Amino acid sequence: MDNFKLCFLFSLFIVTHLVSVTIAETDFWYQYCYGTYTASGSFQRNVDDVLYSITKTNNGYGFFNQTAGEGLDKVNAVALCRADIDQSDCERCVDDATRKLQENCIYQKEAMGCYDYCQLVYSNSSLLYTTVMDKDDTKCFNNPNFTSNWTILKPSMVNLFYQLRTEASKGGILRKYAARSMSVIPDSSTISGLVQCTPDLSESQCNQCLVDAINLLQVCSFGRIGSRVYKRGCNARYELYRFFNETWFPTHPPSLQSPQSGFITETKGTYIKGQFIGILFTAGALIAISGFFIWHRHHFKLKHKDYKDHESDVTSSIYVDKSKFDGDNDDTFEMHHFHLSTIQDATNGFSLENKLGEGGFGPVYLGKLDDGREIAVKRLSKNSSQGLEEFKTEVRLIIKLQHKNLVKLLGCCIKGDERLLVYEYMVNTSLDSFLFDPAKAKELNWIKREKIICGVAKGLRYLHEDSRLKIIHRDLKTSNILLDDAMDPKISDFGTARIFGTNQIEAKTNIVVGTYGYMAPEYAMEGLFSTKSDVYSFGVLLLEIIHGRRNNGFYFQEHDETLLSYAWRTWKEGRGEDLIDKILIKNCPLNKTLRWIHIALLCVQEDPKDRPNMSSVVFMLEGQGSTLPEPSEPPLSFTKIVTFDEVPATDFRTLTISSSSQPLEA
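Residues numbered from 1 in each chain as written. Predicted model: local features only at pLDDT ≥ 70, side-chain atom pairs only at ≥ 80, totals over all residues. Heavy atoms only, no water.

*Asks:* Tell me about the overall build of the protein, residues and numbers included.
*Replies:* From N to C terminus, the protein includes 16 helices and 25 strands. Across the 666 residues of the protein, 54% fall into the buried class. Taking contacts inside the protein between residues at least 6 apart in sequence as the whole, the part at least 24 apart equals 69%. Total accessible area on the protein is roughly 29,700 Å²; 53% of this is exposed by carbon and sulfur atoms. (Helix = DSSP H or I, 4+ residues; strand = E, 2+ residues; numbered from the N terminus. Buried < 20%, exposed > 50% of the residue type's maximum accessible area, 1.4 Å probe, protein only. Contact = heavy atoms within 4.5 Å. Areas by Shrake-Rupley, 256 points an atom, 1.4 Å probe, with all protein chains shown as cover.)

As structure tokens, this is what we get:
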């Protein structure tokens, strides 16, 4: 009896402590505001209406969904509570979030607020959680302290999140949530994780959202004792202590909710009102947990070994050993790791029939995974002297980037001499395969070309100004613009990209890597590159899309004139319509097309200081700003300084040009 009393008193202390932690952790972590609208009008009324009434739409499991208005004035709002808090705390949190967004995101078309207990989003988009905004609305928050046991904890964390992701994704239409604690051998540490999706997502959508969130969580939090990620549609968190409470929301009806496996470190149950009963319940749970941990520690090693040997989930997230990358000290990262055998099976052993093409760093193959997903596999050429460095750069960069106009890197494989990058497969391959093919070019009407131009511009703006890193692509060209099934553009191939510091304006290199016809003159001649060298490449790309012919191909056919000089001459002579592709001339808006030629000429000016930045380019493309500045004449062709073997127009290989000067290596 004495032992029971001691256990009861200890349980009472724990419950009191948990309650104090719960109250203290209702902090407002993050808000995101995007887009503006006028202070008066129906849209504002609809925003007020959905935020005022959303707390009345609780589905009973902490999910709120409200809509007001129609058409362009329609406003959607969604809120999601952590599934381990009771209904009253949940609704108070959502109510606080609505007030916070109304105070801090005045006249904003889209906004997101994240508390410890809940997150709330409103938007004028009809696909609230399945679209990606141009701005980055995903955030990671870290505990400032580090753990010395990370190498021991890391495999357990991978195992834990794999189980949580699978469990939450398979949740039903009322709740998609999983939380668990895991004892780590040999030092008996505890690592706890929690993941959750909005239940309006399908199983595959939830799984993908959590894959992205967990990847970011592991990338941004390396070595920390705790971290959390908030993302539209889902969230993920881990700590080195048990931070979640009982699942107070009622058990799902069998007809609505698919069964979920029991949590390892907590007992599920219906919320029982009354403080005394709650204490007794918690005391019993703590006793049960203690017994379970004894069993769990005994069986953990075997279970973890089984998971590591399990190859059916080819995209399980694992830590890529830094030693594989020649001892980099700064760029530890997380990736989905594909087994080599999985990629070989998917590509039929890298068969010729599966080959999509070949770039500067090696061939690209079409593959199909066991789950039916199609992938594109870039295989680093073993004969490439530069390829390994570009491989490292591409992996380091792309996993940190999230934008709808950037190609999605699904994972990588490092096995022996093999270096493989696995991308989402773009059904319509690259822009050049349409634009410069006389038959396929007819499919690129003005509406599609306009969408491609604006998408590339926004993707480049994100790289330069809106992402967590300032990135210079250095090889923007038609073959590096991929097209999905909706003909939406995605910038690809970051092998030559470079990261700039926050205040860095330009850099210098003695190894100029790029593609003839797209390189800015200061880069080709002096090795100087900056965001403005990417702007130059975009200007060339814009002229090619409007004209329908290559810049370098145009030069070889005409001999006396480049596409840039031809565009300049026709524009100065008032004959800009002569530059427009004959396929477009009858159906394109002439004034807009001529304006875009003007914008392209602003981008390809010789002095980088005269070129606009990408924010200004997007601003001008969208028709904002009635008067454009006068451009100066594009630079003369620098082809005479380039030594290379003449190649057919269908060869898109990357040229390496050595500068005569010896600047510092970037």
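So, next bit.
*Asks:* Report on the nonpolar core, specifying residues and quantitative values.
*Replies:* Counting residues in each nonpolar core, the largest one holds 75 residues, and the members touching the most others are L431, F494, F538 and I599. Per-element tally for this core: the top contributor is helix α12 (residues 531–547), with nine residues. If sequence neighbours within four positions are ignored, I599 has contacts with L542, V617, M620, L621 and L628. (Core = buried A, V, L, I, M, F, W, Y, C linked by side-chain atoms within 4.5 Å.)

*Asks:* Could you give an account of the pairing of strand β9 (residues 226–231), naming the residues involved and the relevant values?
*Replies:* Remark: a regular strand shows side chains that alternate across the two faces of the sheet. Where burial is concerned, most of β9 is hidden: six out of the six residues are buried. On β9, burial covers both faces: G226, R228 and Y230 on one face and S227, V229 and K231 on the other are all buried. Alignment of strand β6 (residues 139–142) against β9, held across four bridges, turns out to be antiparallel. Its bridge partner lying in β9, F141 is registered against R228. Examined bridge by bridge, β9 and strand β10 (residues 234–239) share six bridges and lie antiparallel to one another. Looking at the pairing, Y230 lines up with N235 of β10. Linking two consecutive strands that pair antiparallel, namely β9 and β10, is a turn of two residues; a positive phi of about 100° is found at G233 within it. (Pairing = 2+ DSSP bridges.)

*Asks:* Explain the sheet that holds β6 to me, and be specific about the residues and the numbers.
*Replies:* With antiparallel pairing, five strands are arranged side by side in an open sheet as β6-β9-β10-β8-β7. Unpaired on one side and paired on the other, β6 and β7 (176–184) mark the two borders of the sheet. Along the sheet, successive strands turn relative to each other by an average axial angle of 10°, direction set aside. Helix α4 (residues 150–169) rests against β7, β8 (189–197) and β10 of the sheet, and its axis sits at about 155° to β7. (Axes fitted to C-alpha atoms, helices over the stretch in contact; angles between N-to-C directions.)

*Asks:* How would you sum up the side chain of D116? Please name residues and give values.
*Replies:* Looking at where D116 falls in the secondary structure, it is placed in the loop between β4 (108–115) and β5 (118–123). Under the relative-accessibility criterion, D116 is labelled buried at 4%. For D116, the side chain forms a polar contact with the side chain of R82, separated by 3.4 Å. Of the polar contacts made by the side chain of D116, one reaches the side chain of R228; its length is 2.3 Å. (Polar contact = N/O pair within 3.5 Å; in protein donor to acceptor, adjacent residues only side chain to side chain.)

*Asks:* Help me get a handle on a negative patch on the surface, residues and values and all.
*Replies:* Judged by side-chain charge, E606, D607, D610 and E633 come together as a negatively charged surface patch. Turning to its location among the elements, E633 is positioned in the loop between α16 (614–621) and β25 (655–658). (Patch = residues over 30% accessible without salt bridge, like charges linked within 9 Å, V, L, I, M, F, W, Y side chains within 5 Å. Salt bridge = Lys/Arg side-chain N within 4 Å of Asp/Glu carboxyl O. Lys, Arg positive; Asp, Glu negative; His and termini not counted. Charge placed at Lys NZ, Arg CZ, Asp CG, Glu CD.)

*Asks:* Describe the packing of helix α10 (residues 446–466) against α16, listing the residues and the values that go with them.
*Replies:* The N-to-C vectors of α10 and α16 enclose an angle of 155°; their axes lie 8 Å apart at closest approach. Viewed along their axes, α10 and α16 adopt a mutual orientation that is roughly antiparallel. For the element pair α10 and α16, the recorded crossing hand is left-handed. Where α10 abuts α16, its residues I453, A457, K458, L460, R461, H464 and E465 lie against M614, S615, V618 and L621. Considered class by class, the residues forming the contact of α10 with α16 number six nonpolar, two polar and three charged. (Parallel < 35°, antiparallel > 145°, perpendicular 65-115°, else oblique. Left-handed = near helix turned anticlockwise from the far one by under 90°. Nonpolar A, V, L, I, M, F, W, Y, C, P; charged D, E, K, R; others polar.)

*Asks:* Tell me what's going on with the environment of D485, and back it up with residues and numbers.
*Replies:* By secondary structure assignment, the location of D485 is in the loop between β19 (481–483) and β20 (489–491). A relative accessible area of 63% means that D485 is categorised as exposed. Between the alpha carbons of D485 and T429 there is a distance of 9.3 Å; along the sequence they are 56 residues apart. Apart from the residues within four sequence positions on either side, D485 is in contact with V427 and N428.

*Asks:* So what's going on with the packing of aromatic side chains? Residues and values would help.
*Replies:* The full count for this structure, using the stated rule, is eight aromatic pairs. Seen from their ring centres, F243 and F244 are 5.3 Å apart, and the 80° between their planes marks the pair as edge-to-face. For the pair F243 and F244, one class covers both residues: buried. It is R237 that lies over the ring of F243; its NZ or CZ is 4.1 Å from the centre. (Phe/Tyr/Trp six-rings, centres within 6.5 Å; stacked < 30°, edge-to-face > 60°. Lys NZ or Arg CZ within 6 Å of the ring centre and 35° of its normal.)

*Asks:* Could you give me a rundown of unusual backbone geometry, with the residues and numbers involved?
*Replies:* Although it is not a glycine, N348 sits at a positive phi angle of roughly 55°. Structurally, N348 is set in the loop between α7 (340–346) and β13 (355–359). At R474, a residue that is not glycine, the phi angle is positive and equals roughly 75°. Residue position: R474 is located in the loop between β18 (470–472) and β19.

*Asks:* Report on the pattern of salt bridges, specifying residues and quantitative values.
*Replies:* Evaluated as defined, the whole model comprises 23 salt bridges. When the shortest N-O distance is used, the salt bridge between R82 and D116 registers 3.4 Å. Separated by 34 residues along the polypeptide, R82 in the loop between β3 (75–81) and α3 (87–104) and D116 in the loop between β4 and β5 bring together distant segments of the chain. The same class applies to R82 and to D116, which are both buried. Here the salt bridges share partners, and the residues they tie into one network are R82, D84, D116, R228, R237 and E239.

*Asks:* So what about the state of the cysteines? Which residues, and what values?
*Replies:* This structure, assessed with the given rule, holds five disulfides. With a sulfur-sulfur separation of 2.2 Å, C197 is cross-linked through a disulfide to C206. Across the S-S bond linking C197 and C206, the dihedral sits near 85°, which makes this disulfide right-handed. Taken as a pair, C197 and C206 share a single burial class, namely buried. Here C209 connects covalently by a disulfide to C234, the sulfurs 2.2 Å from one another. Taking the torsion about the sulfur-sulfur bond, which here is approximately -90°, the covalent link between C209 and C234 counts as left-handed. One end of the pair, C209, is in helix α5 (residues 203–220); the other, C234, is in strand β10, and 25 residues separate them in sequence. By relative accessible area, C209 is classed as buried at 9%. (Disulfide = S-S within 2.5 Å.)

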